Amino acid sequence: MKKIILLLLTVAAFAACDKEDGTSKIRYASENTSISDGFFTSDNMHFYGTATVTDSEGGSYSDPEAWFEFAGDRETLVLYMHQTRFAAAMPALDMRIYQFAYTPGEGASLTFEIESSIPQVRLPNEVGGGYSYQPMPSYTLTDVEGSIENTLCRVAFTCTVPRLGTYRMEYEGRLLEKGSI
């Protein structure tokens, strides 16, 4: 009887840990149906992975729960970086790179390169409540490059913030199953 009770307590403990870390609800897609013949065709793509940021002093910050989202059409994409930060002390921001061209690949793949882009940050409206995206020239991104190869996404860019330094961000994530967020 003691062994059965101990086994039940162990199972309960593992179940509680599973619910607390939140990973039990993450389901990765086995294929990307939002890109066909290299063109974005339908629903937004949500990727979950790791963003690693290295500063000009050699310091590093890693976010193992980085969530990037792509929307778009047959000519342009929008990259949403949800709750992004470049350092542990930085407040998490919802940022986006708005409407940029991409190069179609084969099958469910595409690539993009942007020399320079002023990201937009989601901020509260001063009048009327709600939120809107505002340009943040002080966070200008350079050498933006990325790719989506079926279910794997890679994005990298450099951000030089006046008086704070230069940061290189590298992201790698996997496509989430539709409806899993």
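All of these numbers come straight from a predicted model, not from anything done at the bench.

Asker: Can you explain the environment of Ser42? Please cite residues and give values.
Answerer: As for its position among the elements, Ser42 is in the loop between β2 (39-40) and β3 (45-55). Using a relative accessible area of 33% as the deciding quantity, one classes Ser42 as partly exposed. It is 8.1 Å that separates the C-alpha atoms of Ser42 and Gly72, two residues lying 30 residues apart in sequence. Not counting chain neighbours up to four residues away, the residues in contact with Ser42 comprise Thr33 and Ser34.

Asker: Provide a residue-level description of the pattern of salt bridges, including the pertinent values.
Answerer: Inspection of the entire model under this criterion finds four salt bridges. Salt-bridge contacts for Arg27 lead to Glu177; the nearest nitrogen and oxygen are separated by 3.0 Å. Placement of the pair is Arg27 in the loop between α1 (2-21) and β1 (35-36) and Glu177 in the segment after β13 (165-175), with a sequence separation of 150 residues. We note a salt bridge from Glu145 to Arg168, for which the minimum N-O separation is 3.3 Å. Residue Glu145 is located in strand β11 (residues 141-149), and its partner Arg168 is located in strand β13; the two are separated by 23 residues in the primary sequence. For Arg168, a relative accessible area of 23% translates into the label partly exposed.

Asker: Tell me about the side chain of His46, and name the residues and values.
Answerer: Residue placement: His46 occurs in strand β3. The class of His46 is buried, set by a relative accessible area of 17%. At 3.0 Å, the side chain of His46 and the side chain of Trp67 are in polar contact. If we skip the residues at most four places from it in the chain, His46 touches Trp67, Phe68, Glu69, Arg174, Leu175, Leu176 and Ile181.

Asker: Can you break down the sheet that holds β3 residue by residue, with the values?
Answerer: In space, the 11 strands of this open sheet follow the order β7-β8-β11-β12-β13-β3-β4-β5-β6-β9-β10, with antiparallel pairing throughout. Across the chains shown, the open sheet's two edge strands, defined by having one partner strand only, are β7 (103-104) and β10 (131-135). Two strands pair when backbone bridges link them, and β7 and strand β8 (residues 109-117) are joined in this way by two bridges, in the antiparallel orientation. Residue pairing across strands places Pro104 opposite Leu110, the latter belonging to β8.

Asker: Break down unusual backbone geometry for me, with residues and values.
Answerer: Positive phi outside glycine occurs at Gln99, with the angle close to 40°. By the element assignment, Gln99 lies in strand β6 (residues 93-101). Positive phi is not limited to glycine here, since Asn150 has a value of about 60°.

Cut-off values and rules
- Counting from 1, residues in each chain are numbered in the order their sequence is written.
- For this predicted model, a pLDDT threshold of at least 70 governs which residues receive local features, and a threshold of 80 or more governs which side-chain atom pairs are given and counted, while totals over whole chains, interfaces and linings are taken from all residues.
- As a rule here, side-chain values cover all heavy atoms of the structure and leave hydrogens and water aside.
- Segments assigned H or I by DSSP are reported as helices when at least four residues long, segments assigned E as strands when at least two residues long, and all are numbered from the N terminus.
- For every residue, the accessible area (1.4 Å probe, protein chains only) is compared with the maximum for its type, and the residue is labelled buried under 20%, exposed over 50%, or partly exposed between those bounds.
- Only heavy atoms matter for contacts: two residues are in contact if any of them lie within 4.5 Å across the pair.
- When a carboxyl oxygen of Asp or Glu lies within 4 Å of a side-chain nitrogen of Lys or Arg, that pair is called a salt bridge.
- Two N or O atoms form a polar contact when they lie within 3.5 Å of each other; inside protein one atom must be a possible hydrogen donor and the other a possible acceptor, and for residues adjacent in sequence the pair counts only when both atoms belong to side chains.
- At least two DSSP bridges between two strands are needed for those strands to be called paired.

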